Amino acid sequence: MKSRSLWLITALMTLALLGVFVMQLYYLRESYNLNSRLFEQDVNQALTAVVNKVQKRNIASHITRKDFEGKEQREDALRSHTDSIVAFKVRFRESEAIRKFKQQQQVIDYLNAQDSTIRSMYMSPIIISEEEFKLYSGNSPSGNDLKIQVEDLTDRVSGERIGVRIKPLLPKPKRNLQIGGRLPDTIRYVALSPANMLPITIHVPSSDPDLVAKFKIEDAKAEKKYEIGLKSLYADTAVLYNDASLDLVRDVAQELTNKDIPLRKRIPRLEALDTLIRAELLSKNINLNYDFWLTPASNRKNIIYQKVVNADELAVDKNTFSQVIFSNDVAIKDPGMIYLRFPSVNSLIMSNMFVSMGSSIALLLVLIFIFAYTIYAIIRQKKITEMKTDFINNMTHEFKTPVATIMIASEALKDPEVVEDKSRISRLAGIIYDENIRLGNHIERVLSVARLEKKEIKLESNPVAVNDLINAVVDSMSLQLQKRNAHVALSLNAVDDIVIGDELHLSNVIYNLIDNANKYSTADPQITISTKSSLQKLIIEVADKGIGMTKDQTKRIFDQFYRVPTGNLHDVKGFGLGLNYVQDIVTQMNGTIKVHSEKDKGTTFEVILPFKRNN
């Protein structure tokens, strides 16, 4: 993969991640606004319930028991009917609110459907006002006087011109169309015709005649149903009154219409308001600290009663809610106001949003992790691809030398003079044999790594004397070591050197470590091989004073195909498979391998093997 493609993928994934982040922020903001509106609705409903109960208590305070002495059954029936009337009105108001909301949603769905149709049929539609429509179209109703703008489209990466885009030259709209406000009779659009890419105007009625007719019928039915239900309830209540009770109600009505009664006396038991408010709020699942106070509607600075524990002054802010106490009275001079303030509304809203916020944050973290891991995997795969290319080049070079040697020896055998000289034939045959063995060893190393990856190699579990094994490997490598004047110091101090493992593969591990120490030394390699034992493990160390490695290189040396840069050492050959093979064999023997290295000072490999293999 090219670096340019990698940067392009990274940019696109970053853009997508930012898009998800912005959408999550928008979702959380809308959720916060929705919870705020629900909180306001619950508080207003609680205040309405409090005011209704205050009004009922005010009426009850003017009615004595002697007025209804001997009429307990009628009193219960009257209270039940009164509660039924109040409940009927509350249910009607709630059902009306829901019905109106559904009607508004149908209007919105209609407008959205119209808008989607226009956007699917025309290009670049823009909503305009009546005044803007007149400016755009001039004296031509068809909109042919509209100006257009031709915009060149270019490739963001190469900067080459790839086409053009035609769009209407429109002034900035002065206002936006809002569903919540009053809609015009007709909604007008300016768009590009798909046929000729010229600007045209489109007209859409803002209301569906079928919906308007349907809403009128629904309103009439609801109003009729309300009138019939209310008349029925009032008729049932009137039956409960005899002449004496009707006179009593008239007396109470006259007393309530007396404007000289102070507002404080019209609200019995002011101290009980706190309990009443608390009960109504808890019924709405609102458990917050609050302040409340009562004032006349005409003079809100005149405090009649207050309970303030969260502030020094009574300031009306965005978290303050108010309600008229005696809103049903017409002749009362001052109906009074009740105020309710919450100092910590945000804490309740945020607690209600905990699940949505937690899920959004978790989603973003998962996406960020996936994004980072994907980029890491792409970069790693790019490096592996490069190392595989180097591996193929190295393998080709390693195979080329013995093949060329065999070819030269084979051609020499065709020479009649060589055929007559048996000593030269024997020498050429030996060369061909040695080069075939060398070529076979190369192939076997590659196949061994492939079999290890596929888990096709099953290691034997036999006792192995490590000290003797090291001596044998060093002896077999004597010619190779003498060729570079290597000095090998053995310090085989392990008292207990018997481990359970595969002798062949363990000898290959030691061979690879010694071979690396020999190859990656500048001149006259100094190699130290030591063993030591403890109660549970055997430690083999192979140290050299060669070119060493950096910390970044030590992290990658066990990767397949990776080769440490050798600087001026151009004669170092290999495929980058040896240390990967060493790690796989040591791991399968339940051991571990560590490396300690310092640039230009040497490297030490430490192989740790357990005395008993754990099954």
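Everything that follows concerns the structure shown earlier in this document.
Residues numbered from 1 in each chain as written. Predicted model: local features only at pLDDT ≥ 70, side-chain atom pairs only at ≥ 80, totals over all residues. Heavy atoms only, no water.

Attention shifts here to helix 8 (residues 345–352). Buried within helix 8 we find V345, L348 and I349. Angular distribution of buried residues about the axis of helix 8 spans 95°; they occupy a single face of the element. (Buried < 20%, exposed > 50% of the residue type's maximum accessible area, 1.4 Å probe, protein only. Helix = DSSP H or I, 4+ residues; strand = E, 2+ residues; numbered from the N terminus. Arc of directions from axis to C-beta.)

The next point concerns the sheet that holds strand 14 (residues 537–544). Taking strand neighbours across the sheet as the criterion, the five strands line up as 11-13-14-16-15 in an open arrangement whose pairing is mixed. Because the sheet does not close on itself, it has two edges, and the strands there are strand 11 (487–492) and strand 15 (592–598). Going across the sheet, the axis of each strand differs from the next one's by a mean of 10°, ignoring polarity. Against the sheet, helix 16 (residues 578–588) makes contact with strand 15 and strand 16 (602–610), and its axis sits at roughly 140° relative to strand 15, the strand it touches most. (Pairing = 2+ DSSP bridges. Axes fitted to C-alpha atoms, helices over the stretch in contact; angles between N-to-C directions. Contact = heavy atoms within 4.5 Å.)

Take the packing of aromatic side chains next. Across all of its chains, the model carries ten aromatic pairs by this definition. With a centroid separation of 6.0 Å and an interplanar angle of 45°, the aromatic rings of F292 and Y305 are classed as tilted. On the criterion of sequence distance, the pair formed by F292 in strand 6 (residues 291–295) and Y305 in strand 7 (residues 305–307) is long-range, its members being 13 residues apart. Here F292 falls in the buried class, since its relative accessible area comes to 0%. Members of the aromatic cluster, connected to one another through ring pairs, are F39, Y290, F292, Y305, F321 and F342. (Phe/Tyr/Trp six-rings, centres within 6.5 Å; stacked < 30°, edge-to-face > 60°.)

Attention now moves to the side chain of S530. The topology assignment puts S530 in strand 13 (residues 526–533). Residue S530 is classed as buried on the basis of its relative accessible area of 17%.

On to the packing of helix 12 (residues 466–476) against helix 14 (residues 503–519). Between helix 12 and helix 14, the least distance of the axes is 10 Å, while the angle of their chain directions is 55°. In this view, helix 12 runs oblique relative to helix 14, as classed from their interaxial angle. By crossing handedness, the relation of helix 12 to helix 14 is classed as right-handed. Taken together, the residues of helix 14 that come into contact with helix 12 (itself represented by V466, L469, I470, V473 and V474) are E503, L506, S507, I510, Y511 and I514. Broken down by class, the residue content of the contact of helix 12 with helix 14 amounts to nine nonpolar, one polar and one charged. (Parallel < 35°, antiparallel > 145°, perpendicular 65-115°, else oblique. Left-handed = near helix turned anticlockwise from the far one by under 90°. Nonpolar A, V, L, I, M, F, W, Y, C, P; charged D, E, K, R; others polar.)

What follows deals with helix 14. Owing to its 3.6 residues per turn, the α-helix aligns residues three or four sequence positions apart on the same side. Relative to the 24 Å expected for 17 residues at 1.5 Å per residue, helix 14 spans 24 Å between its end C-alpha atoms, a close match to the ideal helical length. Summarising burial for helix 14: 13 of the 17 residues are buried, a large majority. Between a side-chain oxygen at the N-terminus of helix 14 and the backbone nitrogen of H505 the separation is 3.2 Å; the capping residue is D502. (Expected span 1.5 Å × (residues − 1). Polar contact = N/O pair within 3.5 Å; in protein donor to acceptor, adjacent residues only side chain to side chain.)

Once that is clear, we can look at the pairing of strand 15. Where strand 15 and strand 16 come together, seven bridges link them in antiparallel fashion. Residue S597 lies in a different strand from strand 16, and its bridge partner there is T603.

Inspection of the entire model under this criterion finds eleven salt bridges. Between R99 and D219 there is a salt bridge whose closest N-O contact spans 2.7 Å. Residue R99 is located in helix 2 (residues 72–121), and its partner D219 is located in helix 4 (residues 209–240); the two are separated by 120 residues in the primary sequence. On the basis of relative accessible area, R99 is assigned to the buried category, the value being 16%. Measuring nitrogen to oxygen at the nearest pair gives 3.5 Å for the salt bridge that ties D515 to K519. Of the two residues, D515 and K519 are both situated in helix 14; the distance of four residues between them amounts to about one turn of the helix. Looking at D515, the relative accessible area reads 11%, which means it is buried. Within the structure, one salt-bridge network assembled from shared partners comprises E96, R99, K100 and D219. (Salt bridge = Lys/Arg side-chain N within 4 Å of Asp/Glu carboxyl O.)

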